[in-house]
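Coordinate analysis (summary)
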Amino acid sequence: MDGDHGRRAGRFLAMDASQLHTPVMLERCLELLAPAIGRPNAVVVDGTLGLGGHSEAMLERFPGLTLIGLDRDPEALRLAGARLARFGDRFRPVHTTYDGVDTAIAELGYTAIDGALYDLGVSSMQLDLPERGFSYAKDAPLDMRMDTTAELTAERIVADYSEGELRRIFRDYGEEKLAARYASFIVRARAQHPITRTMQLVDVLQAATPAAISKQGHPAKRVFQALRIEVNQELAVLERAIPRAIDALNVGGRLVVMSYQSLEDRIVKRIFQARSRSTAPAGLPVELPEHRPELALLTRGAELAGDDEKERNPRSAPVRLRAVERVREVLRGAS
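Parameters and conventions
- Residues numbered from 1 in each chain as written.
- Predicted model: local features only at pLDDT ≥ 70, side-chain atom pairs only at ≥ 80, totals over all residues.
- Heavy atoms only, no water.
- UniProt positions renumbered as here; feature names shortened; annotations may be inferred.
- Helix = DSSP H or I, 4+ residues; strand = E, 2+ residues; numbered from the N terminus.
- Buried < 20%, exposed > 50% of the residue type's maximum accessible area, 1.4 Å probe, protein only.
- Contact = heavy atoms within 4.5 Å.
- Axes fitted to C-alpha atoms, helices over the stretch in contact; angles between N-to-C directions.
- Parallel < 35°, antiparallel > 145°, perpendicular 65-115°, else oblique.
- Left-handed = near helix turned anticlockwise from the far one by under 90°.
- Nonpolar A, V, L, I, M, F, W, Y, C, P; charged D, E, K, R; others polar.

1. Some words on the UniProt feature "binding site: S-adenosyl-L-methionine" (unreviewed entry) in the protein
According to UniProt, the "binding site: S-adenosyl-L-methionine" (unreviewed entry) feature falls on Gly52, Gly53, His54, Asp71, Tyr98, Asp119 and Gln126. Relative to the helices and strands, His54 resides in helix α4 (residues 53-61). Residue classification places His54 among the buried residues on the basis of a relative accessible area of 5%. Filtering out sequence-adjacent residues up to four positions away, His54 remains in contact with Pro23, Val24, Leu26, Cys29, Asp46, Leu117, Asp119 and Met258.

Have a look at this one:
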């Protein structure tokens, strides 16, 4: 499988860089980040490097910029590294999850950054390589690891988690109304034979789905989302990553986050709102400097992709973009 995986991944390198994938809301991201990362000798973190589309645009648009690209997927780092090699040492790749932003910055010798971009969810490459197991539309091993060096796979979860644990992740991470029913059917099915491939799991879920509900969308969509989040601990990583990225910003630095499902967006919204409010006690006649908000919101709620972009790039349809600017210095490392 490794050889086949390498050959399939190699297809991406054979393509022109602009064909690798279409970066979501690219111009809006650049517009929001420009006042911060257009500064002389600015440093920006692309916390979800993927195939490097957003990074390439930032490096091209801002010639004085140094970009630190984080990704947990070794294959993404290899492919993006080839794509961005022409920028020399202006591009600094790091193999880490995006909650490792503070450590990555420090290890590269920086004390702060001027901007950060997080484009959450599954990358184009991970979706387009069936053997990664993220898609419920193609048969593949039940893998779903963003970091192929990690141990936990979707197959192990389906095989080893109790019925209660499966129900919990389907409910909490997939917001699946049939969580209990799907967990029960999986436990019964795995007692008969191991569930090791995506289509085996899809068959179990389809058998468990009442006919009336099956017409409302693919029954595997939310279960696959839940398994992916559990495999990669995406929400726990996000809870740590956003505060650490904020703490790393210089005053005037900006953070842009794009979420693709409500669980992610709620986390981002909560953190942004909490740190953009005054902490002064009620009734205090004068707001002391230490009570002033740390952040200024740059978007009114969550921004959506335009209709034209959704038509050109269907993967932009669910995106929710939020952005903030650091307006006050605080003690670093308080994540």
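2. Quick notes on the packing of helix α14 (residues 234-248) against helix α15 (residues 262-275)
Contact geometry for α14 and α15: axes closest at 10 Å, N-to-C directions at 30°. As the angle between them shows, α14 and α15 are arranged roughly parallel. Note on packing geometry: the crossing formed by α14 with α15 is right-handed. Where α14 approaches α15, its residues Glu234, Leu235, Leu238, Glu239, Ile242, Pro243, Ile246 and Asp247 are matched on the opposing element by Leu263, Glu264, Ile267, Val268, Arg270, Ile271, Phe272 and Arg275. Looking at the contact of α14 with α15 residue by residue, the class counts come to 10 nonpolar, no polar and 6 charged.

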